[in-house]
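Structural description and commentary
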Amino acid sequence: MECKLNNTRSVNSSLGMFSMTEDNSLLELFFEQSVNGFFFMMIDNPIEWNDSVDKDEILEYVFDHQRIFRANNKMMELYNAREEDFIGLTPRDFFRHDIEYGKSIIRKLFDKGKLHINTAELKFDGIPMIVKGDYSCIYNEDNRIVGICGIQHEVTERMQMEQSLKESQRQLQHVFNNSPAVMLVLNDEKRIININQTGLEFGGGTFEESIKKRGGEAFGCVHAQRKKNGAGDGKACANCKIKNTVADTFENKRSNHKVEAKLTVLRDGKLEDYNLLVSSIVLTEKPDMTVLVVLDDITSLKKTETQLQHAKDKAEESDRLKSAFLSNMSHEIRTPLNAIIGYSTLINDSDVELNEIKEYVSIISNSGEHLLALISDIMDVSKIESGELSVSFEPIDLGAFLQELNAAFCRHNRITQKKELDIVVDLPRNNIVVTTDRTRLRQVFVNLLGNALKFTERGAITFGYKFNEGTNVFYVNDTGVGIPKDKQEEVFYRFYQLNTVVEGTNNSGLSLKRFGGTGLGLSIAKACVEILGGEIWLESEPGKGTTFYFTIGGAEVS
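To start, this report covers the structure provided alongside it. (Residues numbered from 1 in each chain as written. Predicted model: local features only at pLDDT ≥ 70, side-chain atom pairs only at ≥ 80, totals over all residues. Heavy atoms only, no water.)

1. Points about the overall build of the chain
Selection criterion: Secondary structure is summarised from DSSP: a helix means a run of H or I of at least four residues, a strand means a run of E of at least two, and numbering begins at the N terminus for each. Accessibility here uses a 1.4 Å probe with only protein chains present; expressed as a share of the type maximum, an area under 20% marks a residue as buried, one over 50% as exposed, and anything in between as partly exposed.
From N to C terminus, the chain includes 19 helices and 20 strands. Counting the 558 residues in the chain, one finds 41% classified as buried.

Laid out in C-alpha cells, this is it:
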C-alpha cells in the first residue's frame, strides 16, 4: 500500500509511552473503576492524514492495522467480552455489521481530530446497541496519527426512550391537529399559544391571527366583540361557563372535564348559538403554567335530544289519549246501540201507541246516525293514517252548499231542543263558485259545526265565508264555553278531549262541565284542510266563545 509510514514505531514502542509507574497509581485506579468505558487503539505504523494521501487507501489500512491495546473493565461489560478476546481487535471487528458505516465514522474522526458521536454497534453476543462516545486522535511529534483514545457508554435504552417519546409527541401532535374537537393551549395570561385546525375553522381565522388572542376573541364571541377590552369583560363574561371553567383550572391547578356551556358567536352580522362540552386540562405548572382547552360541539346532539324528547312526550301523550279514546269509545258505541236495541224491543209491544212508535223510530234513527258518524270518523282516521284519504275536485256553488249545511244543522238543533241557540249562515253577496273537494269541505264544516253545537248552549253559531286580504277564508263562530289559551293547540291532537271547560259564572265564580265525544272531530277537520292544501287556526276566549278559521289552498273562485 502506498502510504507514508514511520517504520521505527511499533505497538510495543508505543506501549512505552503509556506505561504506568507507581506515581500514576491514582490514574490507574480511575481508569479501571470508571463508570465509563476507556480504551486505546494504536496503529501498527503512524499515518499521515491530509490531502496529499489517498484517504480511502489509508482507511483500508487502518481498519486492519489499528488495534485495541488497552481497555478498562467497563469496556468489557459494554461489549459483553472477555479481555483476552477484546485486546487486539480492529475497527473491522467492531463494524463487521456495516464496514462502510464504520469507515465514515473513522473518516470524520481523522478529519476533525476529535469526535462526539452516537454509533450503532454490536455486542459480542450479537445484540445491537447505541454507544455514545468521545474520541480523540493521538499524534506523534511529526503530527502523524499513531492511534486513537475514547470514552464510551451505552445509551440504547435512553435513545429508545427518546425515540418513543418523540413518537408519542408526534402521535399527540397528530391527534391535536386532526381532532374533530376544538383544541387550544393557553398560557398563564389565558392567551392562545397553540390551536388546532378544527379551532381555526371554528374561529374562521389563520394560525397567525389566532395566536396571542383570548379564546372569546378568536372564536367571535358576541360578548367579546361588544367590549373594548375583549373577552373576559362585562356581566355576560362573568357568568360564562367556558371562562369560569378555564379560570378554575388556572387558579386551583386542577383539570375540569365535560362542563356543558353555551357560546353565541357573531359572524357576518348573524348570531349563531352553540352547545359545547368544555374540558380544561393542566399541561404544565413550571416554569409557566399552560392549560389545554377542549371544546366539543354538541349542538346537533342537543337538537336531536330535544327532538327525541319531544317525540317521546308526543308518543306517550298519544298512548294516553288512545287509552282514553278506547275507554270512551265503549261508551260512545254502547249508548246508540242500547237505544236502537231498547226502542226496537218497545216497538214490538202491542200496547204501544202510534205517536210513541214515531218517537221511538226517531230515537232509533238518530242513534243510527250517531253510530254511523262514529264509524265514519274511525274509518277516516284509518285512511288518514295510511295516506289513503282521497280527494276529487269539482265546482261548488258556495251559496247553495252553505244553505244545505244550514238546513241540516237547523234540523239537528231542533232535535237537540236547544231553544236558546240560533244557527246563522253568512252567505256571500255574490254567487260564488269554488273548485274543491265537496266531501272533504263538507266534512270540515260538519265537524266544526258539530263541535260548536256540543259546546254551545245559548246564543248563536255563525258560519260562512269571506275574503281576507285576497284569500278566501271559511269560519265557524260560536258563543260557547271557549277554549283556554294553553289548550288551543292541543284540541287538534287526535283523541284529545276538552273534558273540563268553563261553562259560565255564578256567585261562587267559574263553574265546570264535562262533555263527551271521541276526540277525533277536530283532528279529522285539520287533516282534511291540510289535504286540501290549506291551514286551520282558532281564536277563543273562555266564557265568550270560539271562532275556527280555515282556508283551502289552490281553490279556484269564479
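Now that the structure has been shown, the text picks up again.
2. Description of the packing of aromatic side chains
Defined as follows: Here a Phe, Tyr or Trp ring, Trp counted by its six-membered ring, pairs with any other such ring whose centre lies within 6.5 Å, and the pair is stacked when the planes are under 30 degrees apart, edge-to-face when over 60, and tilted otherwise.
For the structure on display, the rule yields 23 aromatic pairs. Ring geometry for Phe30 versus Phe38: centroids 5.6 Å apart, planes at 65 degrees, classification edge-to-face. In this structure Phe38 comes out as buried when scored by relative accessible area, which is 15%. A centroid spacing of 6.0 Å and a plane angle of 90 degrees characterise the contact between Phe492 and Phe548, whose relative ring orientation is edge-to-face.

3. Brief notes about the sheet that holds strand β7 (residues 192–195)
Stated precisely, the cut-off is as follows: Only when DSSP finds a minimum of two bridges between them are two strands counted as paired. Axes, fitted as lines to C-alpha atoms, cover a helix only where it is in contact. Angles between the N-to-C directions of the axes lie from 0 to 180 degrees.
Strand order in the open sheet formed by 5 strands is β7-β6-β10-β9-β8, with antiparallel pairing between adjacent strands. Strands with a single pairing partner mark the edges of an open sheet, and in this sheet they are β7 and β8 (256–267). Sheet twist, expressed as the mean angle between neighbouring strand axes with direction ignored, is 30 degrees. Pairing of strand β6 (residues 182–186) with β7 involves 3 bridges; the strand directions are antiparallel. Residue pairing in the sheet places Leu186 in a bridge with Ile192 of β7.

4. Observations regarding the packing of helix α18 (residues 438–455) against helix α19 (residues 521–531)
Convention followed: Reported orientations rely on four angle classes, namely roughly parallel under 35 degrees, roughly antiparallel over 145, roughly perpendicular from 65 to 115, and oblique for the rest. When the near helix sits turned anticlockwise from the far one by under a right angle, the crossing is termed left-handed; a clockwise turn instead gives a right-handed crossing. Note on definitions: a residue-residue contact is assigned when non-hydrogen atoms from the two residues lie within 4.5 Å. The residue classification treats Ala, Val, Leu, Ile, Met, Phe, Trp, Tyr, Cys and Pro as nonpolar and Asp, Glu, Lys and Arg as charged. All others, Gly included, are polar.
Packing of α18 against α19 leaves a shortest axis separation of 9 Å and a crossing angle of 150 degrees. Accordingly, the angle class assigned to the pair α18 and α19 is roughly antiparallel. Classified by chirality, the crossing of α19 by α18 is left-handed. Contacts between α18 and α19 involve Arg440, Gln443, Val444, Asn447, Leu448 and Asn451 on the former and, on the latter, Gly521, Leu522, Ile524, Ala525, Cys528 and Val529. Classifying every residue of the contact of α18 with α19 gives 7 nonpolar, 4 polar and 1 charged.

5. Here we look at the environment of Phe39
Residue placement: Phe39 occurs in strand β1 (residues 37–47). The spacing of Phe39 and Gln152 is 113 residues in sequence and 8.5 Å in space, taken between C-alpha atoms. Apart from the residues within four sequence positions on either side, Phe39 is in contact with Ile68, Arg70, Ala71, Met75, Tyr135, Ile148, Cys149, Gly150, Ile151 and Gln152.

6. Remarks on the side chain of Lys103
Of note, Lys103 is situated in helix α7 (residues 99–112). Given the relative accessible area of 13%, Lys103 is considered buried. Those residues within four positions of Lys103 in sequence are excluded, and the remaining contacts are Leu59, Glu60 and Phe63.

7. Topic: a negative patch on the surface
Note the cut-off: For patch building, the residue pool is restricted to those with more than 30% relative accessible area and no salt bridge; the joining distance is 9 Å between like charges and 5 Å between nonpolar side chains (Val, Leu, Ile, Met, Phe, Trp, Tyr). Only the protein chains shown count as cover for residues, and the accessible areas themselves come from Shrake-Rupley with a 1.4 Å probe. Note on definitions: salt bridges are taken to be side-chain nitrogens of Lys or Arg within 4 Å of carboxyl oxygens of Asp or Glu. Only four residue types enter the tally: Lys and Arg on the positive side, Asp and Glu on the negative side; His and the chain ends are excluded. In this description, the location of a charge corresponds to atom NZ of lysine, CZ of arginine, CG of aspartate or CD of glutamate.
On the surface, Asp349, Asp351, Glu353, Glu356 and Glu359 cluster together to form a negatively charged patch. In this structure, Glu353 sits in the loop between α15 (299–347) and α16 (354–386).

8. Things to note about the pattern of salt bridges
Counting across every chain of the model gives 27 salt bridges. Between Asp111 and Lys55 there is a salt bridge whose closest N-O contact spans 3.6 Å. With Asp111 in helix α7 and Lys55 in helix α3 (residues 55–65), the pair connects residues that are 56 residues apart, well separated along the chain. Classification of Lys55 by relative accessible area gives buried; the value is 18%.

9. A word on α19
Turn by turn, an α-helix covers 3.6 residues, leaving residues three or four places apart pointing in a common direction. Those residues of α19 not exposed but buried are Leu522, Ser523, Ile524, Ala525, Ala527, Cys528 and Val529. Close packing links the buried residues of α19 with α16, α18, β18 (536–541) and β19 (545–551). Positive backbone phi, approximately 85 degrees, marks Gly533, located one or two places after α19.

10. With respect to the environment of Gly533
By the secondary structure assignment, Gly533 is in the loop between α19 and β18. Using a relative accessible area of 49% as the deciding quantity, one classes Gly533 as partly exposed. A C-alpha to C-alpha distance of 4.3 Å links Gly533 and Gly553, two positions 20 residues apart in sequence.

11. Topic: the sheet that holds strand β3 (residues 114–122)
With antiparallel pairing, 5 strands are arranged side by side in an open sheet as β2-β1-β5-β4-β3. Across the chains shown, the open sheet's two edge strands, defined by having one partner strand only, are β2 (66–71) and β3. The average undirected angle you get between the axes of adjacent strands in this sheet is 30 degrees. When β1 meets strand β5 (residues 145–154), the two strands line up antiparallel, connected through 7 bridges. Bridge assignment links Met41 to a residue of β5, and that residue is Ile148.

12. What about the nonpolar core?
Within soluble globular proteins, side chains that are nonpolar generally end up buried alongside one another. Filter applied, for reference: For the purposes of this section, nonpolar cores are sets of buried Ala, Val, Leu, Ile, Met, Phe, Trp, Tyr and Cys residues that join through side-chain atoms within 4.5 Å.
Counting 42 residues, the largest nonpolar core has Leu402, Phe445, Leu448, Phe463 and Phe550 as its most contacted members. Take this core: its biggest share by element is 7 residues, from α18. In this structure, Phe550 is in contact with Leu441, Val444, Phe445, Leu448, Asn472, Val473, Phe474, Val529, Glu535, Ile536 and Trp537, ignoring residues within four places of it in sequence. Formed by 34 residues, the second largest nonpolar core is a distinct cluster that contains Ile58, Tyr79, Leu115 and Cys137.

13. Here we look at the pairing of strand β15 (residues 471–478)
Burial analysis of β15 places 6 of its 8 residues in the buried class, the great majority of the element. Pairing between strand β14 (residues 459–468) and β15: 8 bridges, direction antiparallel. When the bridges of β15 are listed, Asn468 appears paired with Thr471. Sheet topology places β15 next to β19; 6 bridges connect them, and they run antiparallel. Within β19, the residue paired with Val473 across the bridge is Thr551.

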